[in-house]
Amino acid sequence: MMQDSKTLDHQVVIVGGGTAGITVAASLLKRQPGLDVAIVDPADRHFYQPAFTLVGGGTYDLARTHKSMRDVLPKGASWIQAAVESFDPDNNALRLQDERLVRYASLVVAPGIKLDWGRVEGLAEALGKNGVCSNYSPDTVNYTWECLKQFQGGNAIFTQPPPPLKCAGAPQKIAYLAADHLHRKGLGGSSTLKFYSGGGALFSVPAFVPPLERVARRHGVAVILSHDLVAVDGERRVATFATTGADGETRHVEQPYDLLHVTPHQCAPDVVRNSPLADAAGWVEVDKATTQHVRYPNVFSLGDASSLPTSKTAAAVRKQAPVTVKNLLAWLAGQTLTARYDGYTSCPLVTAYGKVMIAEFIYDGVVTPTLPLDPFKESRFYWVVKKHLLPPFYWNRMLKGKETDIAHKPLKRVS
Ligand code: FAD
């Protein structure tokens, strides 16, 4: 197509070269080699974020969680290394921060979720020193392990914001690894571990709550719900939580800490929220079965930035991507959209070193295991899957557009 340096034209434009963007690009080009696909992303590195939990627990090397963007871009895709500034779907175009215009026939929006570190007063200043750490960023995840190694007993505090958040199991996984680590070091008796959640339940799918409560009890991790982190005083080493009582009054609770692992508040990216693509909550408003935008039929979205009402994980993206790709190609060919996403997502809940319970479910919290194993039992096998099998599966199959559709089935009996 004709282009000047200020205007770029591509048949399919994908915003975000993360898990969703690269998976969709690879799958599109595998199904239709020669398709004109461009990926817009300013980042020069691509991260496998699911391994951050293991990095923070000192059992995985951060260097193995990332590759250069150039290495993961599928052959045949163009890379526009810039950030999107605004969307103009009425004119099938978007504006880049460097002011170039990009026009498309079809658009896939996948810029992920925004980590809102600024929502908690004092957090940005406190993070990365004096025992304040987080697995949620590659810049701070190694410090989690530093903190755990240096901890000599005292208060270890773990926080989870109210939804939305990506991998809703990750905030508690690090609490269990920490408990296991401290027990092995002989510091269990001199440590108090508390998990504060801004949400009202330990996990979004009720069937997994009792087994997770048992895990927390076994580790001696006290679970405190409906307490939202609002401030961190790094100098005094005090975290402040807001909680609303039955009387509707909001109280503030101060909690001294020696180690504070923070999961930041999260929300839709501003570039989506401030665009005509957004729903009331700021996500790209798509049909929950087809992943097609409800107002702009040539726009699709998946992954963390989409409105798909399921848990935001890479595992969900694995099942969303083939649906998006088939429907997008059908739309380009003027055919009916027939592919359907059932809400599948999965969260490998690391419950100790060497143990994982895998939560797999679809829309409405229906538990749907892939393998004929008890989904509520911790297992060594799933630890091997999490640590050793999923990373190469991600790099060598998922990001290469090699789709592996292993069927998941609704569980008949909930124990
Ligand atoms: P991302 O992979 O985050 O990619 C978004 C991309 O968009 C980035 O490359 C970014 O640079 C780009 N971008 C952002 N803004 C713009 C812009 N304006 N213009 C252009 N590009 C832009 N998932 C699991 O399945 N299992 C797990 O065990 C698991 N554990 C996790 C543990 C942690 C600590 C974390 C942080 C995440 C975990 N996840 C897990 C979640 C998983 O990593 C995400 O759900 C997944 O990466 C979402 O993919 P995405 O493509 O939507 O977003």
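Each remark here, short or long, concerns the structure printed above.
Now for a quick tour of the structure. Values in this document were obtained by computation on a predicted structure and should not be read as measured data.

### What to know about the overall build of the protein chain
And step 1. Per the secondary structure count, the protein chain includes ten helices and 22 strands.
And step 2. In terms of overall size, the protein chain behaves like a compact globule, its C-alpha atoms giving a radius of gyration of 22 Å where 415 residues would be expected to give roughly 22 Å.
And step 3. In terms of overall dimensions, the protein chain has a C-alpha envelope of 70 × 45 × 45 Å along the principal axes.
And step 4. Looking at the protein chain as a whole, 58% of its 415 residues qualify as buried.
And step 5. In the protein chain, of all internal contacts separated by at least 6 residues, the share reaching a separation of at least 24 is 64%.
And step 6. Looking at the protein chain as shown, the accessible area adds up to about 17,400 Å², and 51% of this sits on carbon and sulfur atoms.
And step 7. Averaging the locations of the 45 positively and 38 negatively charged side chains of the protein chain gives two centres separated by 10 Å.

### Observations concerning the sheet that holds strand E12 (residues 191-197)
And step 1. Taken in spatial order, the five strands make up an open sheet running E10-E17-E11-E12-E13, and their pairing is parallel. The open sheet terminates on both sides in strands that have one partner only, identified here as strand E10 (132-133) and strand E13 (221-224).
And step 2. The pairing of strand E11 (residues 154-160) with E12 spans seven bridges and is parallel. By the bridge assignment for E12, Ala156 is matched with Leu193.

### Points about the packing of aromatic side chains
And step 1. Using the criterion set out here, one finds ten aromatic pairs in the structure.
And step 2. For the pair Phe203 and Phe208, a centre-to-centre distance of 6.0 Å together with 75 degrees between the ring planes defines the contact as edge-to-face. The burial state of Phe203 is the same as that of Phe208; both residues are buried.
And step 3. Aromatic pair Phe203 and Phe361: ring centres 6.1 Å apart, planes at 90 degrees, arrangement edge-to-face. Here Phe203, found in the loop between E12 and helix H7 (209-219), pairs with Phe361, found in strand E21 (residues 355-362); they are 158 residues apart in sequence, far enough to count as distant.
And step 4. Assessed through its relative accessible area of 5%, Phe203 is described here as buried.
And step 5. For Phe361, a relative accessible area of 5% gives the class buried.
And step 6. An aromatic cluster is built from Phe203, Phe208, Phe361 and Phe376, whose rings are joined through pairwise contacts.

### Here's the deal with helix H9 (residues 314-332)
And step 1. The terminal C-alpha atoms of H9 lie 26 Å apart, and with 19 residues this matches the ideal 27 Å at 1.5 Å per residue to within 8%.
And step 2. Most of H9 is tucked away, with 15 of its 19 residues classed as buried.
And step 3. Measuring from the backbone nitrogen of Ala315 back to the side-chain oxygen at the start of H9 gives 3.4 Å, which picks out Thr313 as the cap.
And step 4. Looking one or two places after H9, you find Gly334, whose phi comes out positive at around 75 degrees.

### Some details on a nonpolar patch on the surface
And step 1. A cluster of nonpolar side chains, namely Leu371, Leu373 and Phe381, defines an oily patch on the protein surface of about 240 Å² accessible area.
And step 2. With respect to the element layout, Leu373 can be found in the loop between strand E22 (366-367) and helix H10 (380-396).

### Brief notes about the sheet that holds E22
And step 1. Spatially, the three strands line up as an open sheet ordered E20-E21-E22, and their pairing is antiparallel. Both edges of this open sheet fall to strand E20 (345-352) and E22, since each of them pairs with a single strand only.
And step 2. Bridge count for E20 against E21 is seven bridges, and the pairing is antiparallel. Within the sheet, the bridge partner assigned to Ala352 lies in E21 and is Lys355.
And step 3. Seen against the sheet, H10 touches E20 and E21 and runs at an angle of roughly 80 degrees to E21.

### Remarks on the pattern of salt bridges
And step 1. On inspection of all chains with the given rule, the structure shows eleven salt bridges.
And step 2. Notably, a salt bridge pairs Glu254 with Arg236, separated by 3.3 Å at the nearest N-O pair. Placement of the pair is Glu254 in strand E16 (residues 250-256) and Arg236 in the loop between strand E14 (228-233) and strand E15 (238-244), with a sequence separation of 18 residues.
And step 3. Within the structure, one salt-bridge network assembled from shared partners comprises Asp233, Arg236 and Glu254.

### With respect to the site of the ligand
And step 1. Lining the immediate environment of the ligand, one finds 34 residues, of which Ala20, Asp41, Asp304, Ala314 and Ala315 sit closest.
And step 2. Taking Thr19, its side chain carries an N or O atom lying 3.0 Å from an oxygen atom of the ligand.
And step 3. Measuring from an oxygen atom of the ligand, one finds a side-chain N or O atom of Lys386 at 3.0 Å.
And step 4. Out of a free accessible area of 1,000 Å², the ligand has 89% covered by protein chains.
And step 5. At the level of elements, helix H1 (19-31), helix H2 (52-56), helix H6 (170-184) and H9 are the ones that each hand at least two residues to the shell around the ligand.
And step 6. Residue composition of the shell around the ligand, by class: 18 nonpolar, ten polar and six charged.
And step 7. Both domains that meet at the shell around the ligand, namely domain 1 (7-113 + 268-342) and domain 2 (115-266), each give it at least three residues.

### With respect to the pairing of strand E7 (residues 93-96)
And step 1. One ladder, built from four bridges, connects strand E6 (residues 84-88) with E7; its direction is antiparallel. For Val84, the partnering residue across the bridge sits in E7 and is Leu96.
And step 2. What sits between the antiparallel neighbours E6 and E7 is a turn of four residues, in which Asn92 has the positive phi angle 50 degrees.
And step 3. Two elements, E7 and strand E8 (residues 101-109), share three bridges in a ladder whose sense is antiparallel. Within the sheet, the bridge partner assigned to Ala93 lies in E8 and is Arg103.
And step 4. Between E7 and E8, which pair antiparallel one after the other, the connecting turn spans four residues, and Glu99 there sits at a positive phi close to 80 degrees.

### As for a positive patch on the surface
And step 1. Judged by side-chain charge, Lys30, Lys67, Arg397, Lys400 and Lys402 come together as a positively charged surface patch.
And step 2. Position of Lys67 relative to the elements: it lies in strand E4 (residues 66-68).

Cut-off values and rules
- Residues numbered from 1 in each chain as written.
- Predicted model: local features only at pLDDT ≥ 70, side-chain atom pairs only at ≥ 80, totals over all residues.
- Heavy atoms only, no water.
- Helix = DSSP H or I, 4+ residues; strand = E, 2+ residues; numbered from the N terminus.
- Rg over C-alpha atoms; globule rule 2.2 N^0.38 Å.
- Buried < 20%, exposed > 50% of the residue type's maximum accessible area, 1.4 Å probe, protein only.
- Contact = heavy atoms within 4.5 Å.
- Areas by Shrake-Rupley, 256 points an atom, 1.4 Å probe, with all protein chains shown as cover.
- Lys, Arg positive; Asp, Glu negative; His and termini not counted.
- Charge placed at Lys NZ, Arg CZ, Asp CG, Glu CD.
- Pairing = 2+ DSSP bridges.
- Phe/Tyr/Trp six-rings, centres within 6.5 Å; stacked < 30°, edge-to-face > 60°.
- Expected span 1.5 Å × (residues − 1).
- Polar contact = N/O pair within 3.5 Å; in protein donor to acceptor, adjacent residues only side chain to side chain.
- Patch = residues over 30% accessible without salt bridge, like charges linked within 9 Å, V, L, I, M, F, W, Y side chains within 5 Å.
- Salt bridge = Lys/Arg side-chain N within 4 Å of Asp/Glu carboxyl O.
- Axes fitted to C-alpha atoms, helices over the stretch in contact; angles between N-to-C directions.
- Near = heavy atom within 4 Å.
- Nonpolar A, V, L, I, M, F, W, Y, C, P; charged D, E, K, R; others polar.
- Domains from an automatic or database assignment.

Functional significance is not addressed by these values, which are geometric in nature.
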